[in-house]
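# Geometric and topological summary
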Amino acid sequence: TVRPKSQRRILIVRLGSMGDIIHSLPVVAALKESFPDWEIDWLVESRWRDLLQGNPHLSRIVECNTLEWRKHPLSPGAWASFRATIGALKERRYDSALDLQGSLKSAVASTLAGAREVIGFEKPWLREPACATLYTRRVPTSAVHIVNANLALARALGADIASIRFPLP
(Lines give C-alpha, C1' and ligand atoms only; values in the text may rest on other atoms or scores of the structure.)
Protein backbone atom coordinates (compact mmCIF):
# COMPACT_ATOMS: atom_id res chain seq x y z
CA THR A 1 0.00 0.00 0.00
CA VAL A 2 1.17 3.50 -0.81
CA ARG A 3 0.92 6.00 2.02
CA PRO A 4 -0.02 9.60 1.27
CA LYS A 5 2.97 11.93 0.99
CA SER A 6 1.94 13.56 4.26
CA GLN A 7 2.43 10.26 6.14
CA ARG A 8 5.64 8.80 4.78
CA ARG A 9 8.04 6.51 6.62
CA ILE A 10 11.74 7.23 6.08
CA LEU A 11 14.88 5.31 7.05
CA ILE A 12 18.16 7.15 7.59
CA VAL A 13 21.17 4.87 7.17
CA ARG A 14 24.33 6.22 8.76
CA LEU A 15 25.89 3.40 10.76
CA GLY A 16 28.84 5.24 12.36
CA SER A 17 31.13 6.96 13.35
CA MET A 18 30.58 9.69 15.92
CA GLY A 19 31.50 12.66 13.71
CA ASP A 20 29.64 11.28 10.71
CA ILE A 21 26.49 10.72 12.76
CA ILE A 22 26.67 14.25 14.14
CA HIS A 23 27.12 15.61 10.60
CA SER A 24 23.95 13.73 9.62
CA LEU A 25 21.72 15.17 12.35
CA PRO A 26 20.66 18.22 10.29
CA VAL A 27 18.97 15.85 7.80
CA VAL A 28 16.63 14.52 10.47
CA ALA A 29 15.86 18.02 11.75
CA ALA A 30 15.16 19.34 8.23
CA LEU A 31 12.91 16.40 7.33
CA LYS A 32 10.91 16.55 10.55
CA GLU A 33 10.53 20.34 10.38
CA SER A 34 9.37 20.10 6.76
CA PHE A 35 7.16 17.05 7.30
CA PRO A 36 6.09 16.83 10.96
CA ASP A 37 3.85 13.79 10.38
CA TRP A 38 6.53 11.65 8.79
CA GLU A 39 8.01 8.79 10.77
CA ILE A 40 11.79 8.90 10.61
CA ASP A 41 13.86 5.94 11.76
CA TRP A 42 17.64 5.61 11.88
CA LEU A 43 19.75 2.48 11.34
CA VAL A 44 22.93 2.79 13.40
CA GLU A 45 25.67 0.63 14.89
CA SER A 46 24.75 -0.35 18.45
CA ARG A 47 27.76 1.41 19.94
CA TRP A 48 26.57 4.79 18.57
CA ARG A 49 22.95 4.51 19.71
CA ASP A 50 23.46 6.93 22.60
CA LEU A 51 24.13 9.77 20.13
CA LEU A 52 20.58 9.37 18.83
CA GLN A 53 18.74 8.29 21.98
CA GLY A 54 16.15 10.89 22.95
CA ASN A 55 16.28 12.74 19.62
CA PRO A 56 12.80 14.28 19.33
CA HIS A 57 12.81 13.98 15.52
CA LEU A 58 13.27 10.21 15.42
CA SER A 59 10.45 7.69 15.65
CA ARG A 60 12.73 4.68 16.12
CA ILE A 61 16.36 3.75 16.34
CA VAL A 62 17.19 0.40 14.77
CA GLU A 63 20.47 -1.02 15.97
CA CYS A 64 22.82 -3.31 14.13
CA ASN A 65 26.13 -4.82 15.07
CA THR A 66 28.13 -5.20 11.88
CA LEU A 67 31.33 -5.50 13.90
CA GLU A 68 29.99 -8.67 15.53
CA TRP A 69 28.66 -9.95 12.21
CA ARG A 70 32.08 -9.53 10.59
CA LYS A 71 34.00 -10.87 13.59
CA HIS A 72 31.91 -14.07 13.81
CA PRO A 73 30.21 -14.39 10.41
CA LEU A 74 29.32 -18.06 10.81
CA SER A 75 28.07 -17.99 14.39
CA PRO A 76 24.38 -18.70 14.96
CA GLY A 77 24.18 -15.64 17.23
CA ALA A 78 25.48 -13.32 14.52
CA TRP A 79 23.00 -14.74 12.00
CA ALA A 80 20.14 -14.44 14.48
CA SER A 81 21.09 -10.81 15.16
CA PHE A 82 21.35 -10.08 11.42
CA ARG A 83 17.94 -11.64 10.71
CA ALA A 84 16.35 -9.75 13.62
CA THR A 85 17.71 -6.42 12.33
CA ILE A 86 16.58 -7.03 8.76
CA GLY A 87 13.19 -8.25 10.00
CA ALA A 88 12.72 -5.11 12.11
CA LEU A 89 13.54 -2.96 9.07
CA LYS A 90 11.28 -4.81 6.63
CA GLU A 91 8.41 -4.72 9.11
CA ARG A 92 8.39 -0.91 8.94
CA ARG A 93 7.76 -0.88 5.15
CA TYR A 94 9.74 2.28 4.40
CA ASP A 95 8.79 4.61 1.60
CA SER A 96 12.38 5.83 1.26
CA ALA A 97 15.80 5.03 2.65
CA LEU A 98 18.49 7.70 2.61
CA ASP A 99 22.02 6.26 2.51
CA LEU A 100 24.10 9.01 4.09
CA GLN A 101 27.17 6.79 4.24
CA GLY A 102 27.82 5.93 0.60
CA SER A 103 29.40 2.56 1.34
CA LEU A 104 28.54 -0.94 0.18
CA LYS A 105 27.39 -2.05 3.64
CA SER A 106 25.08 0.96 4.04
CA ALA A 107 23.70 0.57 0.50
CA VAL A 108 23.09 -3.15 1.10
CA ALA A 109 21.38 -2.34 4.41
CA SER A 110 19.20 0.27 2.69
CA THR A 111 18.25 -2.24 0.02
CA LEU A 112 17.60 -5.11 2.45
CA ALA A 113 15.32 -2.80 4.45
CA GLY A 114 12.88 -3.13 1.54
CA ALA A 115 12.29 0.60 1.03
CA ARG A 116 10.38 1.55 -2.12
CA GLU A 117 13.24 3.85 -3.07
CA VAL A 118 16.85 4.00 -1.96
CA ILE A 119 18.40 7.43 -2.36
CA GLY A 120 22.13 8.01 -2.23
CA PHE A 121 24.89 10.26 -3.39
CA GLU A 122 26.36 10.70 -6.82
CA LYS A 123 30.14 10.98 -7.17
CA PRO A 124 32.29 12.38 -5.55
CA TRP A 125 30.45 11.76 -2.27
CA LEU A 126 30.42 7.97 -2.57
CA ARG A 127 32.99 6.21 -0.40
CA GLU A 128 32.59 3.09 -2.52
CA PRO A 129 31.27 3.93 -6.01
CA ALA A 130 29.90 0.40 -6.59
CA CYS A 131 27.18 1.09 -4.00
CA ALA A 132 25.47 3.45 -6.47
CA THR A 133 24.22 0.40 -8.38
CA LEU A 134 21.92 -0.35 -5.41
CA TYR A 135 20.28 3.08 -5.42
CA THR A 136 17.03 3.78 -7.17
CA ARG A 137 17.90 7.49 -7.18
CA ARG A 138 21.29 9.19 -7.09
CA VAL A 139 21.51 12.82 -6.02
CA PRO A 140 24.21 15.03 -7.48
CA THR A 141 25.53 17.86 -5.33
CA SER A 142 28.25 20.45 -5.62
CA ALA A 143 28.49 20.68 -1.82
CA VAL A 144 31.88 21.26 -0.29
CA HIS A 145 31.04 20.06 3.23
CA ILE A 146 29.43 16.73 4.15
CA VAL A 147 26.62 18.46 6.08
CA ASN A 148 25.51 20.19 2.87
CA ALA A 149 25.91 16.99 0.85
CA ASN A 150 23.71 15.16 3.39
CA LEU A 151 21.12 17.94 3.19
CA ALA A 152 20.99 17.46 -0.60
CA LEU A 153 19.47 14.03 0.10
CA ALA A 154 16.86 15.62 2.38
CA ARG A 155 16.08 18.13 -0.40
CA ALA A 156 15.57 15.18 -2.77
CA LEU A 157 12.60 14.24 -0.58
CA GLY A 158 11.28 17.81 -0.72
CA ALA A 159 12.62 19.12 2.59
CA ASP A 160 12.99 22.86 3.00
CA ILE A 161 16.34 23.69 4.57
CA ALA A 162 15.58 26.87 6.51
CA SER A 163 18.49 26.40 8.92
CA ILE A 164 21.14 23.85 9.80
CA ARG A 165 20.51 22.41 13.24
CA PHE A 166 22.27 19.68 15.17
CA PRO A 167 19.69 18.27 17.61
CA LEU A 168 21.56 16.40 20.34
CA PRO A 169 19.55 15.32 23.38
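Below: a short report on this structure. Being a predicted model, the structure only gives us computed values, none of them experimental. (Residues numbered from 1 in each chain as written. Predicted model: local features only at pLDDT ≥ 70, side-chain atom pairs only at ≥ 80, totals over all residues. Heavy atoms only, no water.)

## With respect to a nonpolar patch on the surface
Applied cut-off: Like charges are joined within 9 Å and nonpolar side chains (Val, Leu, Ile, Met, Phe, Trp, Tyr) within 5 Å, but only among residues with over 30% relative accessible area and no salt bridge; these make up the patches. With residues, only the protein chains shown are counted as cover, and all accessible areas are computed by Shrake-Rupley using a 1.4 Å probe. Here, a salt bridge means any Lys or Arg side-chain nitrogen found within 4 Å of an Asp or Glu carboxyl oxygen. Runs of E in the DSSP output that reach at least two residues are strands. Runs of H or I that reach at least four are helices, and both are numbered from the N terminus.
There is a patch of nonpolar side chains on the surface, built from Leu104, Val108, Leu112 and Leu134 and spanning about 260 Å² of accessible area. Looking at the element boundaries, Val108 is found in helix H5 (residues 104-112).

## Examining the side chain of Asp99
Keep this limit in mind: Type-normalised accessible area, obtained with a 1.4 Å probe on protein chains alone, sets the label of each residue: buried when under 20%, exposed when over 50%, and partly exposed for intermediate values. Only four residue types enter the charge count: Lys and Arg as positive, Asp and Glu as negative, with His and the chain ends excluded. A 3.5 Å cut-off defines polar contacts: any pair of N or O atoms within that distance qualifies, except that in protein one atom must be a possible hydrogen donor and the other a possible acceptor, and neighbouring residues in sequence count only when both atoms are side-chain atoms. Any two residues whose heavy atoms approach within 4.5 Å at even a single point are treated as in contact.
With respect to the helices and strands, Asp99 occurs in strand E4 (residues 96-99). Of the side chains bearing the opposite charge, Arg14 lies closest to the buried Asp99, which forms no salt bridge; the N-O distance is 6.9 Å. Among the polar contacts listed, one links the side chain of Asp99 to the backbone nitrogen of Gly102, at a separation of 3.1 Å. Only 2.7 Å separates the side chain of Asp99 from the side chain of Ser106, close enough to count as a polar contact. Residues within four places of Asp99 in sequence aside, it is in contact with Val13, Ser106, Ala107, Ser110, Ile119, Gly120, Phe121, Tyr135 and Leu153.

## Brief notes about the packing of aromatic side chains
We count it as follows: For this analysis, a ring pair means two rings from Phe, Tyr or Trp (six-membered ring only for Trp) whose centres lie within 6.5 Å, classed as stacked if their planes differ by under 30 degrees, edge-to-face if by over 60, and tilted for the remaining angles.
Applying the stated rule across the entire model yields two aromatic pairs. Ring geometry for Phe35 against Trp38: centres 3.9 Å apart, planes inclined by 5°, an arrangement best described as stacked. Assessed through its relative accessible area of 1%, Trp38 is described here as buried. Measuring from centroid to centroid gives 5.8 Å for Trp79 and Phe82, while their planes differ by 80°, and the two rings are edge-to-face. Placement of both Trp79 and Phe82 in helix H4 (residues 76-92) is noted, with a separation of three residues, approximately one turn of the helix.

## A word on the sheet that holds strand E6 (residues 137-139)
Short version of the rule: What makes two strands pair is DSSP finding at least two bridges between them. Think of each axis as a best-fit line through the C-alpha atoms, taken over the contacting stretch in the case of a helix, with angles from 0 to 180 degrees between the N-to-C directions.
Within the open sheet, the six strands sit side by side as E3-E2-E1-E4-E5-E6. Their pairing is parallel. Taken across any chain shown, the strands that pair with only one partner, and hence form the sheet edges, are strand E3 (60-64) and E6. On average, each strand axis in the sheet is tilted by 20° relative to the strand beside it, whichever way the strands run. Where strand E2 (residues 39-45) lies against E3, five bridges are found, and the strand directions are parallel. Note on E3: the bridge partner recorded for Val44 is Glu63. Sitting on the sheet, helix H1 (residues 18-34) touches strand E1 (9-13), E2 and E4, and the angle it makes with E2 is about 170°.

## A look at the packing of H1 against helix H6 (residues 146-156)
Stated formally: Here is the rule for angles: anything less than 35 degrees is roughly parallel, anything more than 145 is roughly antiparallel, 65 through 115 is roughly perpendicular, and the remaining ranges are oblique. Rotating anticlockwise by less than a right angle from the far helix to the near helix defines a left-handed crossing, while the corresponding clockwise rotation defines a right-handed one.
Where H1 meets H6, the closest approach of the two axes is 8 Å, and the angle between their N-to-C directions is 30°. Taken together, the axes of H1 and H6 lie roughly parallel to each other. The interaxial crossing formed by H1 with H6 has right-handed handedness. Facing His23, Ser24, Pro26, Val27, Ala30 and Leu31 of H1, the residues of H6 in contact are Ile146, Val147, Asn150, Leu151 and Ala154.

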